[in-house]
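One-letter residues, chain by chain:
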Amino acid sequence: MSYELIGLLAGLGAVVGVLAGLLGIGGGLLVVPALLFLLPKAGIAQEIAMQMALATSLSTIIVTSGSSALNHLKLGNVEMFVVKWLMPGVVIGGFMGSFIADSIPSQYLPKVFGIIVLLLALQMLLSIRSRSQKTMPAPAKTVACGGGIGVISSLAGIGGGSLSVPFLNHHGVEMRKAVGSSSVCGCVIAISGMIGFIWHGSSVESLPAHSLGYVYMPALVAISCTSVLTTRIGAKLATQLPTPVLKKVFAVFLMFIAATMLL
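Reading the values: the criteria
- Residues numbered from 1 in each chain as written.
- Predicted model: local features only at pLDDT ≥ 70, side-chain atom pairs only at ≥ 80, totals over all residues.
- Heavy atoms only, no water.
- Axes fitted to C-alpha atoms, helices over the stretch in contact; angles between N-to-C directions.
- Helix = DSSP H or I, 4+ residues; strand = E, 2+ residues; numbered from the N terminus.
- Left-handed = near helix turned anticlockwise from the far one by under 90°.
- Contact = heavy atoms within 4.5 Å.
- Nonpolar A, V, L, I, M, F, W, Y, C, P; charged D, E, K, R; others polar.
- Expected span 1.5 Å × (residues − 1).
- Buried < 20%, exposed > 50% of the residue type's maximum accessible area, 1.4 Å probe, protein only.

Caption draft 1: Spotlight on the packing of helix α3 (residues 46-74) against helix α8 (residues 175-201). At a minimum axis separation of 7 Å, α3 and α8 run at an interaxial angle of 150°. Handedness of the crossing formed by α3 with α8: left-handed. Facing α3, whose interface residues are Q51, L54, A55, L58, S59, I61, I62, S65, G66, S68, A69 and H72, α8 presents V179, G180, S183, V184, G186, C187, A190, I191, G193, M194 and F197. Here the contact of α3 with α8 is built from residues that sort into 13 nonpolar, 10 polar and no charged.

Encoded structure:
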């Protein structure tokens, strides 16, 4: 990779780290379309660029969400009861999502990603106005919800914060703890999804050098080096900035990304 490409990936990681700590997302909503644009510049074939973007995004989320989760644990922002019951579902769902993504033809994957991002943006906007709250569902239902979050997240190469944060907040978990708990779950989703993509990519012959299955290691290192440093900034900002305003701005930005991927 050129120095310019490494610099772009490092800058992307810095932005992703802040968003991870601030909104409880792993950053895949930004990383996937960015990698889909940048990976062909590193000589990666267009036919496998989307699979590599998804897999590499999930691998960066392990670092980003893991770092964010540690910061939120130190700040007391993780609800362990919630994590306990969501965890089994997100593990299974994350692994299943990688199987589904591998079975979808490459030319349709960006469209699938675009539709998921568009729905997530609309859901994010609706969650701002939602004021009704419920108690957490029964353990079995929580596990099932975690499975759905895991499948969609792995299929889109994201950590699931765009789904799990409003889900937890809607069920009575305060925003700080919803964000912190989402970071923990996002890390687990990313691990299970990444394992699935490594499994499927190991049999592909056209992979570039320095790849682990569909995971492109140079991009992983470049993004992770900066994102791990900026998650603490986002975690601190989460207690200072008006989250609803940030959600609106980010949701509009996601709609732009979705339109780009669909068109």
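Caption draft 2: Local environment of the environment of S57. Mapped onto the fold, S57 is located in helix α3. When the C-alpha positions of S57 and G146 are compared, they lie 20 Å apart, and in sequence the two are 89 residues distant. Ignoring anything within four residues of it in the chain, the contact list for S57 reads G28, V31, V32, L35 and G157.

Caption draft 3: Structural context of helix α6 (residues 139-156). When the terminal C-alpha atoms of α6 are compared, their 26 Å separation across 18 residues agrees well with the 26 Å that a helix rising 1.5 Å per residue should span. Buried within α6 are the following residues: T142, G146, G147, I149, G150, V151, S153, S154, L155 and A156. The first or second residue beyond α6 is G157, which carries a positive phi of 70°.

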